[in-house]
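Notes for the structure review
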Amino acid sequence: MATNGTEPRSGRETRLLILVVGVSIALLLLLARIRFPSSDLTAVTPSAAPLAGLAARATFDEMANTMADVLGRVSPLVVVVHLAPVPVEADPRPSARKADDDEPAADAVAAAASARPMTALAVRVRRDMALVYVPDGFTPQSAPDMTIDVAAHDPSREMMLVRVVATTAAPDTLSASVRTFPSFSYVAAIDSTPVGPTIQPTFIGRADSVIDPRWSHPLVPASVGPGLTPGVWVFGLNGRLAGLVARTEAGPMIVPAPALETLVQALEAGGTAP
Amino acid sequence: MRQVPSDIRRRELGGSDPIDRRLGVPTPPSPLTWLLSLLRTRSALGLAPSLTPAVIFLPVGALLGPHVLGWITPRLLDRLSLAVTIALAVIGVLVGTALGREIRSAARLFVAASIESAVTTLVVAAATAYFVRTTGVPIDASLLVFALAIGLCASASSATSAHPDSEPAAAVVTRIADLDDVLPIAAVVLVFALMAAPTASVAVLMAVAPIVIGLAVGVVGWLLFERAESGPERVLFVLSALALAGGAAAYLHTSPLAVGLVAGVTWTLVPGRADRVVESDLRRVQHPLVVLLLVTAGASASLSAAAIWLLPPYLLCRMAGKVMGAWLCAPLVDVRPADLAAFLMPPGVLAVAFALNFSQVMPAASGQMLLSTVAIGTAAFELFALAVVPHWRAEARE
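Counting restarts for each chain: residues are numbered from 1 in the order of the written sequence. Naming scheme: in the order in which they are written, chains are lettered from A and ligands are numbered from 1. With pLDDT at 70 or above as the cut-off, local features in this predicted model cover only qualifying residues; side-chain atom pairs require 80 or more to be listed or tallied, and sums for whole chains, interfaces and linings still use all residues.

Considerations on the packing of helix H4 (residues 74-102) of chain B against helix H11 (residues 256-269) of chain B
All names here are of chain B. As a packed pair, H4 and H11 sit with axes 6 Å apart at the nearest point and diverge in direction by 40 degrees. As summarised for this structure, H4 and H11 are arranged oblique, according to the angle between their axes. Considering how the two elements wind past one another, H4 and H11 form a crossing that is right-handed. Geometry is summarised by axes, namely lines fitted to C-alpha atoms with helices restricted to the contacting stretch, and by angles between N-to-C directions that run from 0 to 180 degrees. Here a strand is any run of E in DSSP of at least two residues, a helix any run of H or I of at least four, and the numbering for each starts at the N terminus. Here the angle decides the label: under 35 degrees means roughly parallel, over 145 means roughly antiparallel, 65 to 115 means roughly perpendicular, and every other value means oblique. Less than a right angle of anticlockwise turn of the near helix away from the far helix marks a crossing as left-handed, whereas a clockwise turn marks it as right-handed.

Below, the structure is given as structure tokens:
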């Protein structure tokens, strides 16, 4: 039976087996008499399933990459404009105050007067023109590296067309803009900081359009997404302009890109009507 | 018994490769050559080479890991888990192709290997369950699952000490070491189902899933591999199939080892050259993946009190289990039990692979405890095979 020239189970093998098993059992019983010193588990960060963790990270990483990509494409189209509060001249006559329907604007002016300088984001709409939302009580301020020249101003909509340093190529911000404002999708909300534009992903949910006679196209309430405050520009994830958040009597509204295009054309023509 | 040509004698790590050649027989005379020659003097006793990848890369991983140098951070370890999963699928494929080739001609060896691994598993699992319960080691997993998991890790053997061409016994033991991983991988599927399943129907689904996925990957590979129009395209198909195997297994929380095993068996049994194609292309990634597994395991292991506490019973009972298993199955394969036990003592990469696989799905603390115990135990057994087994074999020959 034993082809290797040995008996498979000799007495020596059996003795070896008994020795090893006996010693193992004896030591196991001996060790088992000692109580484990700690009853607490070592704290270990739970790890998710291999792909689950990866997928979760991949989703957010993908969103971050998309935002960085959109900001990279939009940055050449935007200019940070410094705004300074407009000095308010004191008027001692109470009758000089505006009528009741102008009280909110008057409050805004008063608030602006006491506010600190801020920044706004202007979006290039022509080779040397940019559109910027300037709240009541503020005015664009030239900086050492950039001179601001107001080309047109629409106080009722708080919009301003300013001349900026010309670019080599004409921007297609308006011509290539999103024609139908998206819903149930993510958009990029781009705002200004003193050092440049910043971006946030914002999910746009369900929203009904609101007709505002001051605008040529229906507006979308800014409450459809978080973080949409007046002055914030909304871009699609493909980098196309979708709209701008502006203040209206009904609250902050997203002015869609076609309405902005109409406004720019009117401002360029010297008028203010949509 | 049919003689298997050495080129298709696979073991779980495959045949000759650059690392083997480098560690095995360096030709230029140097101090390293002298050291390696010294290590390989055991080959005169049919024991070679002893300096296995586990001895080298487990400590390297521990050194680079978060507990020592911190070059491998916990975040990086987390990110490596997907690569580890695919590496486990690759190892499963290697075991599966070995099974597919040997099963027709070596059913007796397969039975012997299964007996040996089953005995080792049961001995270590029973001892661990008793020890954990008696000494009050805190675990956050089911005691049954934890004990079975550590038992299955202990059952792995690589026979890295045995040179398959040195003597008939070594040749037989090498093939047993190839085949004794099959039953544990099948048992891993059941343990996974036990762990994850709240109901019987889900448990059945979890048990069947690796087979279905493995068959699907096998069929996909079979249809694609031989239709590739170029070598790079074929490699891409192979790697994609392996990524599919690992990814699907991870997504469904089943064992990538089992999925790879089924796919490997499928590729071997279906008509054509699918298994040869996979074997050829896997040579390119096999050793990097093995190194990845070992380094990851070493970096993930921590010298916690619980892991060290479990180590003595693990070492003792694994040795007892191997000796008992060898004693029981030796008559089936005509090899002396002492030789069989000595050759099967090194756990090899498979033990670490089992531990990594369990640690991916077990509760975190228990998973790390298991991985640490098995990683340290694997290094210890490899060193044991290096230092003690040659003398054991020498005495047996006298």
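Topic: the sheet that holds strand E11 (residues 241-248) of chain A
Residues and elements named next belong to chain A. Pairing is antiparallel across the open sheet formed by 6 strands, whose spatial order is E8-E7-E10-E11-E12-E9. This sheet does not close on itself; its edge strands, each paired only once, are strand E8 (196-204) and strand E9 (220-221). Strand pairing is defined by DSSP finding a minimum of two bridges between the two strands. Where strand E7 (residues 185-193) lies against strand E10 (residues 233-235), 3 bridges are found, and the strand directions are antiparallel. Looking at E10, one finds that isoleucine 190 is bridged to tryptophan 233. Its contacts with the sheet place helix H4 (residues 257-268) against E11 and strand E12 (251-256), and it is angled at close to 80 degrees to E12. Once C-beta atoms have been placed from the backbone, residue pairs whose C-beta atoms lie within 7 Å are recorded as contacts.

Side note on the nonpolar core
If you look at the biggest cluster of nonpolar residues, it comprises 142 residues, and the most contacted ones within it are Ile150, Leu293, Val352 and Ala355 of chain B. Considering every element that reaches this core, the biggest residue donor is helix H13 (residues 305-333) of chain B, with 17 residues. Once residues within four sequence positions are removed from consideration, isoleucine 150 of chain B is found in contact with Val124, Ala125, Thr128, Tyr314, Leu370, Thr373 and Val374 of chain B. Residues Leu83, Ala130, Val134 and Leu244 of chain A belong to the second largest nonpolar core, which totals 56 residues. The nonpolar core criterion groups buried Ala, Val, Leu, Ile, Met, Phe, Trp, Tyr and Cys residues into a set whenever they are joined through C-beta atoms within 7 Å. Partly exposed residues are those whose C-beta has more than 12 but fewer than 20 other C-beta atoms within 10 Å; with 20 or more the residue is buried, with 12 or fewer it is exposed, and the C-beta atoms are placed from the backbone.

Notes on the pairing of E7 of chain A
The pairing of E7 of chain A with E8 of chain A spans 9 bridges and is classified as antiparallel. The residue of E8 of chain A that forms the bridge with serine 185 of chain A is isoleucine 204 of chain A.

Some points on the environment of alanine 380 of chain B
Topologically, alanine 380 of chain B is positioned in helix H16 (residues 364-387). Considered as a pair, alanine 380 of chain B and leucine 311 of chain B are 69 residues apart in the sequence and their alpha carbons are 9.9 Å apart.

A word on the sheet that holds strand E6 (residues 159-163) of chain A
All names here are of chain A. With respect to topology, 6 strands assemble into an open sheet ordered E4-E1-E2-E3-E6-E5, the strand pairing being antiparallel. With one partner strand each, in any of the chains shown, strand E4 (138-141) and strand E5 (149-154) form the two edges of the open sheet. Across the sheet, the axes of successive neighbouring strands diverge by a mean angle of 35 degrees, strand direction being ignored.

A closer look at the pairing of strand E2 (residues 118-124) of chain A
Residues and elements named next belong to chain A. Among the 7 residues that make up E2, 5 are buried, leaving the element largely enclosed by the rest of the structure. Across 6 bridges, strand E1 (residues 78-85) lies against E2 in antiparallel orientation. Of the residues in E2, the one forming a bridge with valine 79 is alanine 122. Pairing of E2 with strand E3 (residues 129-133) involves 3 bridges; the strand directions are antiparallel. Pairing of arginine 124 across the sheet is with alanine 130, part of E3. Hairpin connection between E2 and E3: a loop of 4 residues separates the two successive antiparallel strands.

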